[in-house]
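# An overview of the molecular structure
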Amino acid sequence: MNTTELGRFDVEALCNAVNLGLIIVDADGNILLWNDWIIKRSAIGEADALNAQFADVFSEQLSPAFLTAIKNGLTYGLPSVLSNALHRSPLPLYDNAEMQQAGIRIHQSITITPLRCRLGERCCLIQVADSSTAIRREKVLRSHSETLRLETITDSMTGIYNRRFFDEHYKIALAHAKRQSHPLSVFVVDVDHFKEYNDYYHHLAGDRALRQVAAALKSQLARATDVVARYGGEEFVLILPSLSTQSAADFAEKLRCAVLDLAIPHSKSSVSDLLTVSIGFCTFVPNTDCDPCELLHTADAALYRAKKNGRNQAVSFPLARPENKQMQVKSDLTLP
């Protein structure tokens, strides 16, 4: 568009038609342009703004970062972008009087562009966009993303982590234990005679019992690094770093008692008239040569021994005991 064509339009009307705020300040910081968008959201009329000092026109103090950006534009000709991520609401602009009274500013994205007027004087064009809609959209997308992420790592029935999350976390925890030369403990928990429970009390009661067991196990965790997950069916697995052998044994007993204290009736159990669990666990300090699966296999072998010894108990196997190798084979068998 050449100059002749531009002359067909009212520049002031163009400035007021755009859906963003436009402000121009001269080299002395005086306001030369103050469009309708700014008037509406600042409640400051054009007559009060034009030729006034930009830093003084607002009743609220402007942020030092914003004033520095304008100074750099006027003095050195440096353009600036004040993104919403770092400068959420630099100017006291509001959607309405109620928002202003409550002090809730609109979210803003601001671009400061140095200009040369016809007399050669340097000015600054300040463009203000309302980014509130973009912020709301980003929050919705982030919420949806977090929901999807949780669905991929959470067991839908019990609400605790699932096997997929545990497998990933186990790799991380094992690598950390290797680097720090700290012990790592794995606990495999199985509900005793759960098939009989399901057959007698039916599946809805079985699902409810598993949720109660999951909550009881989770309630025993005290650190962010402690993890419990549903490993499949009526089996749960926990991983805890930095426990001594005795502490791991004490913790296993706490798990067993926490489930027993639920006092869930189980009249078809040969162990107790209440729902119980058997626990196998292993604690060791991993080295660079250890097999990542060995800790889990050993805990699983200990669980087999706990069931073989009568259930409703916790059994620990140290890593790499020769008899563990036989137990690991037996632990793959389906137990009643």
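Note that the coordinates shown come from a computational prediction; the quantities given were computed from them, not determined experimentally.

### Comments concerning the packing of aromatic side chains
- Counting across every chain of the model gives 11 aromatic pairs.
- Look at W34 and F58: their rings are 5.8 Å apart centre to centre, the planes differ by 50 degrees, and that puts the pair in the tilted class. Here the residue W34 occupies a position in strand β2 (residues 31–34), and F58 occupies one in the loop between α5 (54–57) and α6 (64–76), the gap between them amounting to 24 residues. Of the two residues, W34 and F58, neither departs from the other in class, the shared state being buried.
- An aromatic cluster is present here, built from W34, F54, F58 and F66 joined pairwise through their rings.
- The aromatic ring of Y231 is capped on one face by R163, whose charged end is 4.0 Å from the ring centroid.

### Points about the domain arrangement of the protein chain
- For the protein chain, the assigned domains are domain 1 (3–136) and domain 2 (154–327).
- Centre-to-centre, using C-alpha coordinates, domain 1 lies 62 Å away from domain 2.

### A few points about the sheet that holds strand β9 (residues 277–284)
- Taken in spatial order, the five strands of this open sheet run β7-β8-β6-β9-β10, and their pairing is mixed. The open sheet is flanked by β7 (227–232) and β10 (314–316), the only strands paired with a single partner. Within the sheet, the average angular offset between the axes of one strand and its neighbour, ignoring direction, is 20 degrees.
- Looking at chain direction, strand β6 (residues 184–191) and β9 are connected through eight bridges and run antiparallel. Of the residues in β9, the one forming a bridge with V188 is G280.
- Here helix α9 (residues 163–180) sits on the sheet and contacts β6, β7, β8 (235–241) and β9; the angle it forms with β7, its principal contact strand, is near 135 degrees.

### Let's talk about the pattern of salt bridges
- Per the counting criterion, the structure on display carries nine salt bridges.
- Here R105 makes a salt bridge to E60, at a shortest N to O gap of 2.9 Å. With a gap of 45 residues between them, R105 in the loop between α7 (97–102) and β4 (108–116) and E60 in the loop between α5 and α6 connect regions that are remote in the sequence.
- Looking at R105, the relative accessible area reads 23%, which means it is partly exposed.
- Connected through salt bridges with shared partners, the residues D190, D192 and K307 form a single ionic network.

### Looking at the packing of helix α10 (residues 194–201) against helix α11 (residues 203–218)
- The contact between α10 and α11 brings their axes to 6 Å, and the two run at 135 degrees. Taken together, the axes of α10 and α11 are oblique relative to one another. Two secondary-structure elements touch here, α10 through F194, Y197, N198 and Y201 and α11 through H203, A205, G206, A209 and L210.
- Residue classes in the contact of α10 with α11 are distributed as six nonpolar, three polar and no charged.

### Quick look at the sheet that holds β4
- Here we have five strands laid out as an open sheet, ordered β2-β1-β5-β4-β3, and antiparallel in their pairing. Of all the strands in the sheet, the pair left with one neighbour each is β2 and β3 (80–82). Averaged over all pairs of adjacent strands, the angle between their axes in this sheet comes to 15 degrees, without regard to strand direction.
- Relative to strand β5 (residues 122–130), strand β1 (residues 21–25) runs antiparallel, the two being bridged by five bridges. Of the residues in β5, the one forming a bridge with G21 is V128.
- Against the sheet, α6 contacts β1, β3, β4 and β5, and its axis sits at roughly 145 degrees relative to β5.

About the cut-offs
- Residues numbered from 1 in each chain as written.
- Predicted model: local features only at pLDDT ≥ 70, side-chain atom pairs only at ≥ 80, totals over all residues.
- Heavy atoms only, no water.
- Phe/Tyr/Trp six-rings, centres within 6.5 Å; stacked < 30°, edge-to-face > 60°.
- Helix = DSSP H or I, 4+ residues; strand = E, 2+ residues; numbered from the N terminus.
- Buried < 20%, exposed > 50% of the residue type's maximum accessible area, 1.4 Å probe, protein only.
- Lys NZ or Arg CZ within 6 Å of the ring centre and 35° of its normal.
- Domains from an automatic or database assignment.
- Pairing = 2+ DSSP bridges.
- Axes fitted to C-alpha atoms, helices over the stretch in contact; angles between N-to-C directions.
- Contact = heavy atoms within 4.5 Å.
- Salt bridge = Lys/Arg side-chain N within 4 Å of Asp/Glu carboxyl O.
- Parallel < 35°, antiparallel > 145°, perpendicular 65-115°, else oblique.
- Nonpolar A, V, L, I, M, F, W, Y, C, P; charged D, E, K, R; others polar.

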